[in-house]
Amino acid sequence: MKEEFKLFVRKKPELIKYVNKGDTTWQKIYEQWSLYGEDENIWKQYGNSKEESSETNKSSTDTLSLAGIVDMLKKVDMASVQKGVNSLQKMVELLQGFTSKDDNVKQDSYKPRQLFKKFED
């Protein structure tokens, strides 16, 4: 039964696009397929491949436009971007700490203590 569903999906590639867009889920499509089969009118709501290919071409030109760029920016999760920038900043600060000399520590000021030195009263 699983193989039959896979063959059905291969016959209707527009279903993949609907799932990728988030309009539906594979579970819903599988339930519809198991209830209604392949030849029902229910699959007309997903359109045919020719309409989808023209819509794909239209969307690819839209992504190059200003509206497409704005839509892409709306989808960006700013919290994850901020988290990435903060971790990058911490890494840079750590590397700077390794490369810069610390003026507070002077190696000349350290004098080793004599071994077996007795306390002077």
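Conventions used here
Residues numbered from 1 in each chain as written. Predicted model: local features only at pLDDT ≥ 70, side-chain atom pairs only at ≥ 80, totals over all residues. Heavy atoms only, no water. Phe/Tyr/Trp six-rings, centres within 6.5 Å; stacked < 30°, edge-to-face > 60°. Helix = DSSP H or I, 4+ residues; strand = E, 2+ residues; numbered from the N terminus. Buried < 20%, exposed > 50% of the residue type's maximum accessible area, 1.4 Å probe, protein only. Lys NZ or Arg CZ within 6 Å of the ring centre and 35° of its normal.

1. Brief notes about the packing of aromatic side chains
For step 1, the next point in the chain: The full count for this structure, using the stated rule, is seven aromatic pairs.
For step 2, the next point in the chain: Between F5 and W26 the ring centres are 6.5 Å apart and the planes differ by 90°, which places this aromatic pair in the edge-to-face class. One end of the pair, F5, is in helix α1 (residues 2-11); the other, W26, is in helix α3 (residues 26-36), with 21 residues separating them in the sequence.
For step 3, the next point in the chain: By relative accessible area, F5 is classed as buried at 11%.
For step 4, the next point in the chain: On the basis of relative accessible area, W26 is assigned to the partly exposed category, the value being 36%.
For step 5, the next point in the chain: Residues Y30 and W33 carry aromatic rings whose centres are separated by 5.8 Å and whose planes lie at 40° to one another, so their mutual orientation is tilted. Of this pair, Y30 and W33 both sit in helix α3, three residues apart, which is roughly one turn of that helix.
For step 6, the next point in the chain: Its relative accessible area of 30% is what places Y30 among the partly exposed residues.
For step 7, the next point in the chain: For W33, a relative accessible area of 7% corresponds to the buried category.
For step 8, the next point in the chain: Site record: aromatic cluster; members linked through ring pairs are F5, F8, W26, Y30, W33 and W43.
For step 9, the next point in the chain: Its guanidinium or amino end placed over the ring of Y18, K21 lies 5.5 Å from that ring's centre, counting from NZ or CZ.

Honestly, that's just the spatial picture; any functional story needs more than this.
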